[in-house]
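Take a look at the letters that make up each chain.
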Amino acid sequence: MPRSIDLNADMGEGFGPWPMGNDAELLRIVSSANIACGFHAGDPTTMAKTIGTAKAKDVGIGAHPGFPDLQGFGRRRMDMTAEDLANAIRYQFGAIKGLATAAGASVRHFKLHGALANMCSEDETLARTAYKAALSVDPNVILFVLAETAQQTAAEALGARFAGEIFADRAYNDDATLRDRKLPGAVIHDPDVAAKRVVEMVKAGAIIAESGKKIPTRVDTICLHGDTSTALDIAGTIRKALTAENIEICVTNP
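Rules of the game
- Residues numbered from 1 in each chain as written.
- Predicted model: local features only at pLDDT ≥ 70, side-chain atom pairs only at ≥ 80, totals over all residues.
- Heavy atoms only, no water.
- Phe/Tyr/Trp six-rings, centres within 6.5 Å; stacked < 30°, edge-to-face > 60°.
- Helix = DSSP H or I, 4+ residues; strand = E, 2+ residues; numbered from the N terminus.
- Buried < 20%, exposed > 50% of the residue type's maximum accessible area, 1.4 Å probe, protein only.
- Axes fitted to C-alpha atoms, helices over the stretch in contact; angles between N-to-C directions.
- Parallel < 35°, antiparallel > 145°, perpendicular 65-115°, else oblique.
- Left-handed = near helix turned anticlockwise from the far one by under 90°.
- Contact = heavy atoms within 4.5 Å.
- Nonpolar A, V, L, I, M, F, W, Y, C, P; charged D, E, K, R; others polar.
- Pairing = 2+ DSSP bridges.
- 1 Å grid on protein atoms, 1.4 Å probe; cavity = no way out; pocket = protein on both sides within 12 Å on 5 of 7 lines; lining within 4 Å.
- Points joined across faces, edges and corners; volume = space filled by probe spheres on them.
- Salt bridge = Lys/Arg side-chain N within 4 Å of Asp/Glu carboxyl O.

Chemist: Help me understand the packing of aromatic side chains, please; the structure alone is not making it clear to me.
Modeler: Centre distance and the angle of the planes are the two values used to describe a pair of aromatic rings. Per the stated rule, a full pass over the model turns up three aromatic pairs. Aromatic pair Phe93 and Phe110: ring centres 5.4 Å apart, planes at 55°, arrangement tilted. Pair noted here: Phe93 is in helix H3 (residues 82–102) and Phe110 is in strand S4 (residues 109–110), with a separation of 17 residues, a long-range link. Take Phe93 and Phe110: they sit in the same class, and that class is buried. Ring geometry for Phe110 and Tyr131: centres 6.4 Å apart, planes at 75°, overall edge-to-face. Separated by 21 residues along the polypeptide, Phe110 in strand S4 and Tyr131 in helix H5 (residues 124–137) bring together distant segments of the chain. Exposure remark for Phe110: the relative accessible area of 0% places this residue in the buried category.

See below:
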């Protein structure tokens, strides 16, 4: 069982006057923030404010790019050419790096969002395209990858720094991919259920699928979604459960 682990959450997902989630409170709990880069959610001012708050709370800052799909929140699958996808990644990553630099902060990690992340967990070629684009902007960035999927295979093949990620509030298929959100039980809303399964997976060093199958993996970081109604309760309950097991919450440094 690890002595320390990172907790990450998706943030900066509001747009103009429309807020989403309670980023300020989540930033008291997590150690890493995945900040939307404007394509699936977020806007320049929202990004800048979230970066500033994360920096003030000494929370690791990460780029969270997705498909150009504001209406669908980046959760609709898209067919993009490799060139278009690579440049969309560079555009988003460059934007958050610029805003972070202006705030006297730095971007530590990179994590794909939504449908793009799911597609890259199934398709190593697509994942390589996305990660090569990110590494062309910053060769030393830490890639947060869906553990034991094509994302991890691609990161390993590229020789990149990466952190193996598991999800606190999502059910798993037997191949370590996430259960489709349209299916019953795909998203876990009960804080106690989420905390119990996270502790079980961390102790086992394995992803535990919906079927009960255990998939051995390194667990470096745990994702807590910020846009659900019980996000804060889940985040707080999980932090308490891990702390009770003498596991320190801190940024990952693979």
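Chemist: Can you walk me through the packing of helix H4 (residues 114–122) against H5 in this structure?
Modeler: Each pair of packed helices can be described by the angle between their axes along with the distance between the axes. In the contact formed by H4 and H5, the axes pass within 6 Å of each other and the chain directions differ by 125°. In terms of orientation, H4 and H5 fall into the oblique class. Regarding H4 and H5, the two cross each other, and that crossing is left-handed. Residues Met119, Cys120 and Glu122 of H4 lie in contact with H5, whose contacting residues are Glu124, Leu126, Ala127 and Ala130. Looking at side-chain class alone, the contact of H4 with H5 contains five nonpolar, no polar and two charged residues.

Chemist: Would you explain the pairing of strand S1 (residues 4–11) in this entry?
Modeler: Within a regular strand, the side chains alternate between the two sheet faces. Burial analysis of S1 places seven of its eight residues in the buried class, which makes it a mostly covered element. Sheet analysis places S1 next to strand S9 (residues 221–224), joined by four bridges and oriented parallel. Bridge pairing in S9 links Leu7 to Ile222. Here S1 pairs with strand S2 (residues 32–36) via four bridges, running parallel. What sits directly across from Asp10, in S2, is Asn34.

Chemist: Can you help me understand the layout of surface pockets in this one?
Modeler: Where empty space is left can be seen by rolling a probe of water-molecule size over the atoms. Volume-wise, the largest pocket comes out at about 500 Å³. Along its surface, the largest pocket is lined by 28 residues, and Gly114, Ala115, Asn118, Arg170 and Arg181 are the ones closest to its centre. Among the elements that line the lining of the largest pocket, the one with the most residues is H4, at six residues. Classifying every residue of the lining of the largest pocket by side-chain character gives eight nonpolar, eight polar and twelve charged. When its volume is computed, the second largest pocket comes out at roughly 270 Å³. Top contributing element to the lining of the second largest pocket by residue count: helix H2 (residues 44–56), with five residues. Grouping the amino acids of the lining of the second largest pocket by side-chain chemistry returns five nonpolar, eight polar and four charged.

Chemist: How do you make sense of unusual backbone geometry when you look at a structure like this?
Modeler: Backbone geometry places Phe73, a non-glycine residue, at a positive phi of 55°. The topology assignment puts Phe73 in the loop between strand S3 (60–64) and H3. Note on Phe73: relative accessible area 12%, which makes it buried.

Chemist: Just to check I follow, could you spell out the pattern of salt bridges for this structure?
Modeler: Oppositely charged side chains are able to pair whenever their charged atoms sit close together. On inspection of all chains with the given rule, the structure shows nine salt bridges. Between Asp10 and Lys111 there is a salt bridge whose closest N-O contact spans 3.6 Å. Remark: Lys111 occurs in the loop between S4 and H4 and Asp10 occurs in strand S1; sequence separation between them is 101 residues. This pair shows no difference in class: Asp10 is buried, exactly as Lys111 is. Taking the shortest distance from any N to any O, the salt bridge between Arg76 and Asp69 comes out at 2.5 Å. The class for Arg76 is partly exposed, based on a relative accessible area of 43%. Connected through salt bridges with shared partners, the residues Asp10, Lys111 and Glu165 form a single ionic network.

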